[in-house]
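Chains, contacts and geometry: an overview
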Amino acid sequence: MAEGNERSMKALKEVWRRAENSLCADCGKPDPDWASSTLGVFICLSCSGIHRNIPSISRVKSLKMDHWDDAQVQFLAKHGNAVTKATYEAHIPIYYYQPTYNDCQVLREQWIRAKYERKEFTEPGKHLPYSDGMKEGILWKRGRDNGQFLPRKFLLSEREGCLKYFTKQDAKEPKINIKIDVINATFQPMKIGNPNGLQITYLKDNKTRNIFVYHESGKEVVDWFNAIRSVQFHYLKVAFPIASDNEIKNRLTRNFLKEGYMEKTGPKQKEAFKKRWFTLDHRRLMYFKDPLDAFAKGEVFVGSRENGYSVQKGLPSGTQGNFSWHYGLTIVTPDREYLFTCETEIDQLDWIAAFTSVINQAMTPQEYASKCLDPISFLS
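Residues numbered from 1 in each chain as written. Predicted model: local features only at pLDDT ≥ 70, side-chain atom pairs only at ≥ 80, totals over all residues. Heavy atoms only, no water.

Considerations on the confidence of the model for the chain
Averaged over all residues, the pLDDT of the chain is 91; the fraction at 70 or higher stands at 95%. Looking over the chain, one finds the lowest element-wise mean pLDDT in helix α10 (residues 365–373), namely 63, and the highest in helix α5 (residues 105–117), namely 98. Note that residues 373–380 has pLDDT below 50 and, in this model, 33 contacts with residues that lie over four places away or in other chains. (pLDDT = per-residue confidence, 0-100. Helix = DSSP H or I, 4+ residues; strand = E, 2+ residues; numbered from the N terminus. Contact = heavy atoms within 4.5 Å.)

This is the structure we're talking about:
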């Protein structure tokens, strides 16, 4: 018996060491140490918890702590991540967002259920609930002024190229009509305080407006998210006919590069530093009094190094404004310097890394155009 167990473990390790199995099949996290004995995929601990919630489809076991018999090991050897992905990920739409281990629970769970439970990507041309070019339904929306979440009707239309929402079910005119090409959507469960919280951001008069919504159903809110990406993709295919699918995919919804609290001072650099919530959305740095504010109090464009932008650790010598946090950083632009302080050194280094990643990228023609329109200095 001991000899048989040793043989099974040796065979299991050989399959486990294959290059195709070195990343989690569902989120891409390195060194997965769990596997599904019914699907044949190698997965991380976090994704194994999601698999455990669909026991009719997937039965998971630890590769380190559980016993694997010969038949189960042979099944893993026959399948593995590459073979299983070829079946369950054969026909993923180009616009569909495939989450990573850095993404929130609802995105990863619905991705796993879409693959293995609903089998959405196994057949070409399969009808998908987010591929119609039209979606209508109720989302709970946070009030701009009172902070109360109320049900609102939303309508997404590829034909009209917009997203609308209505304050009443039978309203004929929308409260807001948002052009699809200025929309961003990103999941914000922690900020919104709901596991299915979605932040919809758009430009209004070249200023950023935030809408915070959620749905009780994780599937429904992720379907809304991918429906927005689908409509955006088809809109951009028409607007940029010579662009490749991958180029267009890279222009769809995006996660913010970084968010969090910093202290800031005013343009004279003598005012007291004030604690504010900051969001870095690629080249647009915005600050808010509260993370759930509808409008930014101020925005600044972050350009490229070749255009005179840089980020420096620390504050200029002689800085006079009073500040309570002592880990400073300075954003240098052609027009002025922006001074910030962070609560911890880790926050400081993370912000510097985020700014550096933007500044090191060359600017596109569209970004040059938007710079000409952007507010360049913070409002008080």
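Overview of the layout of surface pockets
The volume enclosed by the second largest pocket comes to roughly 380 Å³. Around the second largest pocket sit 16 residues that line it, and N102, T186, F187, Q188 and N255 are the ones nearest its centre. For the lining of the second largest pocket, the secondary-structure elements that each account for two or more residues are β8 (183–187), α6 (189–192) and β11 (258–264). In terms of residues, the lining of the second largest pocket owes the most to one element, α6, which gives three residues. Across the lining of the second largest pocket, the residue classes tally to seven nonpolar, five polar and four charged. When residues of the lining of the second largest pocket are sorted by domain, at least three fall in each of domain 1 (1–117) and domain 2 (134–250). (1 Å grid on protein atoms, 1.4 Å probe; cavity = no way out; pocket = protein on both sides within 12 Å on 5 of 7 lines; lining within 4 Å. Points joined across faces, edges and corners; volume = space filled by probe spheres on them. Nonpolar A, V, L, I, M, F, W, Y, C, P; charged D, E, K, R; others polar. Domains from an automatic or database assignment.)

Things to note about the UniProt feature "domain: PH" (unreviewed entry) in the chain
Annotation from UniProt places "domain: PH" (unreviewed entry) at residues 132–233 and 255–360. Helix makes up 20% of residues 132–233 and strand 46%. Its end C-alpha atoms lie 13 Å apart. Secondary structure content for residues 255–360 is 14% helix and 38% strand, and the end C-alpha separation is 19 Å. (UniProt positions renumbered as here; feature names shortened; annotations may be inferred.)

Looking at the UniProt feature "domain: Arf-GAP" (unreviewed entry) in the chain
The sites that carry the UniProt feature "domain: Arf-GAP" (unreviewed entry) are, in the present numbering, residues 6–129. Between the C-alpha atoms that bound residues 6–129 the distance is 48 Å, and the span itself is 40% helix and 6% strand.

As for the pattern of salt bridges
Under the criterion given, the structure shown has 18 salt bridges. Linking E136 and K153 is a salt bridge whose minimum nitrogen-to-oxygen distance equals 3.9 Å. Of this pair, E136 sits in strand β4 (residues 134–142) while K153 sits in strand β5 (residues 149–157); the two residues are 17 residues apart in sequence, bridging distant segments of the chain. Classification of K153 as buried rests on a relative accessible area of 14%. The partner of R159 in a salt bridge is E160, and the shortest N-O contact between them spans 3.7 Å. (Salt bridge = Lys/Arg side-chain N within 4 Å of Asp/Glu carboxyl O. Buried < 20%, exposed > 50% of the residue type's maximum accessible area, 1.4 Å probe, protein only.)

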